[in-house]
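# Secondary and tertiary structure notes
Each chain is listed here by its residues.
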Amino acid sequence: MKISLADKNILVTGGARGLGEACARTLSEAGGRVAIADIDFDGACAAASRIGGARAYACDFGRPADISALHQRVQRDMPAGIDILINNAGIIAYTKELKVDLEDWDRLMDVNLRGVFWTCREFAPDMQSRRCGKIINLSSLAARIGGIDVGVHYTVSKAGIIGLTRDLAKKLGPFGVTVNAVAPGIMLTGPVKEHIGGREDGYIARIPLGRLGRPEDVANVILFLSSRLSDYMTGCVLDVNGGMFMG
Amino acid sequence: MDLGIKGKVALVTGGNKGIGKSAALELAREGCNVAITGRNEADLAAAQKDIKGLGVEALAIAADMEKAEAVTRAVNRTYENFGRIDILFNNAGHSKPCTPISSTDEDWTVQLNIHLMACVRTCRLIVPRMIEQKWGRIINMSSMYGILPGSGVTDYNAAKAAVINYTQSLAMEYSRFGICANALCPGLIHTEIWDKFADTLAKDLGKTRQDVLDAAADSASSVKRYARPEEVGKVVAFLASECASYITGCAIQVDGGAIAGIEIKMISDWIGAK
């Protein structure tokens, strides 16, 4: 079976690099029309041109006004509306310090949690009125087992995503809109590689599948959740972690 | 994106009807050769014909997976016929109403045999060869009741919870050999089992089958509807595929938001009202 997203309009937030870009590429290859929104507009443009046929938008997901403006622009460019929303934009913070700065806490929460809610608040009503739509939110292994290297604020934001996902699943389910979360384990993306460089074996020893994750591992699962294959799944958290946490 | 399992061999227990048959058909559409087991030979023959109609090989094995010797026979027959098993979907199962104190030792043995021990027995025979192949997909059927119990089927709840735990042990021990093991937790899926259950309840309550099904869908799922069996079959095909190669040890819910909303109490209420 070829999973096809032909004629689907897709928005991937934070799609300029890493998991977001892998996801945008996979969904585009499946035939979807992809829009990438990222705080790094040049990065979003570069990713869009690498993927080919994708649109790029600038958006700081920590600023609700930016998200509302993004919605206006996307709606103008894709008048049929967004069918699939991938809430991937987020800040990762590495720290073992309990003394997280208030400013850092607020900035991270504004992007990772409030930003996701605000994006749903903007895009979901149209999905509701068309009685179709799929929302996929990025959580994290940290929300399942506590952070290994990441800050407490990151863990809390990603745990919040699970509650948000379940709540929205319940509220939007009667309108035919599904809402699910994906919780990746340790993925080989730029910042992670940089952070764990030289210590890979220590991590691999704790992963039953015996390897670190690749962005495509998550992108393929997001493709599944974006497709008709998962029509009866909503409110779920799919762990893509090679068995590090079994939920 | 192609699922990438063309030419693989799948064994689907209870593949003669319902979710099992849907999964067998989805796997066949992906180009897998499929062996199915079932107790009802007429259903089995019909399912075999449907699978063959998709242009793959199909083997039908009459077997009651509750019995250890039948499990061994079914697995051996599949190996004799196809030479390998890449995908194992332990799906066969059934339940009957009971309470925590009414279920007899015999009832418990039946539930544990058909749900838990059938998984254990198939895996004992199949996992060593999956390890040699360095590739395998095991999908064990649990239930939303394996995550949180539903009222009126105590022994079934416990057996399904055990299936999740056993599946996680499989994942823990054998994932490093390229074997992904996951449990599947469906919610309200419109199969014959639900029709029968609804008929029993409807009779007791002076309602119609549709009344019961509608009430269940309304209060036990966020999406307010039953799933068609193929909506689970497609998830099985995904879990069997290359797309799911980093998912292992998970309990995958296909429940229309039932656990998410924890709204599986309607059926409990109805049984309580009896």
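Above this text is the structure in question.
Worth saying up front: this structure is predicted, and the values here are computed from it rather than measured.

Analysis parameters
- Residues numbered from 1 in each chain as written.
- Chains lettered and ligands numbered in written order.
- Predicted model: local features only at pLDDT ≥ 70, side-chain atom pairs only at ≥ 80, totals over all residues.
- Helix = DSSP H or I, 4+ residues; strand = E, 2+ residues; numbered from the N terminus.
- Expected span 1.5 Å × (residues − 1).
- Buried ≥ 20, exposed ≤ 12 C-beta atoms within 10 Å, placed from the backbone.
- Axes fitted to C-alpha atoms, helices over the stretch in contact; angles between N-to-C directions.
- Parallel < 35°, antiparallel > 145°, perpendicular 65-115°, else oblique.
- Left-handed = near helix turned anticlockwise from the far one by under 90°.
- Contact = placed C-beta atoms within 7 Å.
- Nonpolar A, V, L, I, M, F, W, Y, C, P; charged D, E, K, R; others polar.
- Core = buried A, V, L, I, M, F, W, Y, C linked by C-beta atoms within 7 Å.

## Focus: helix α1 (residues 18-29) of chain B
Residue and element names in this part refer to chain B. The terminal C-alpha atoms of α1, which comprises 12 residues, lie 17 Å apart, in line with the 16 Å expected from a rise of 1.5 Å per residue. The buried count for α1 comes to 11 of 12 residues, which makes it a mostly enclosed element. The first or second residue beyond α1 is glycine 31, which carries a positive phi of 95 degrees.

## Overview of the packing of α1 of chain B against helix α2 (residues 41-52) of chain B
Each packed pair of helices is defined by two parameters, the angle between the axes and the distance between the axes. All names here are of chain B. Relative orientation of the contacting elements α1 and α2 amounts to 20 degrees, with a least axis distance of 9 Å. Considered as vectors, α1 and α2 are oriented roughly parallel to each other. As for the relative orientation of α1 and α2, their crossing is right-handed in sense. For the pair formed by α1 and α2, the contact residues are Lys21, Ala24, Leu25 and Ala28 on the first element and Ala47, Asp50 and Ile51 on the second. Taken together, the residues of the contact of α1 with α2 sort by class into 5 nonpolar, no polar and 2 charged.

## Section: the nonpolar core
Of all hydrophobic cores here, the largest spans 177 residues; its most connected members are Ile36, Val182 and Val221 of chain A together with Val34 of chain B. The element contributing the most residues to this core is helix α5 (residues 154-174) of chain B, with 10 residues. In this structure valine 182 of chain A touches Ile136, Leu138, Ser139, Val218, Val221, Ile222, Leu225, Leu238 and Val240 of chain A, once residues within four positions along its chain are discounted.

## Some details on the interface of chain B and chain A
How big an interface is tends to be reported as the loss of accessible area on association of its parts. Opposite the 33 residues of chain B that make contact, chain A presents 35 residues. Breaking the side of chain B that touches chain A down by element, the ones donating at least two residues are α5, α8 (229-239), β7 (251-254) and α9 (258-261) of chain B. Ranked by residue count, the leading element in the side of chain B that touches chain A is α8 of chain B, at 4 residues. Residues of the side of chain B that touches chain A, tallied by class, amount to 16 nonpolar, 10 polar and 7 charged.

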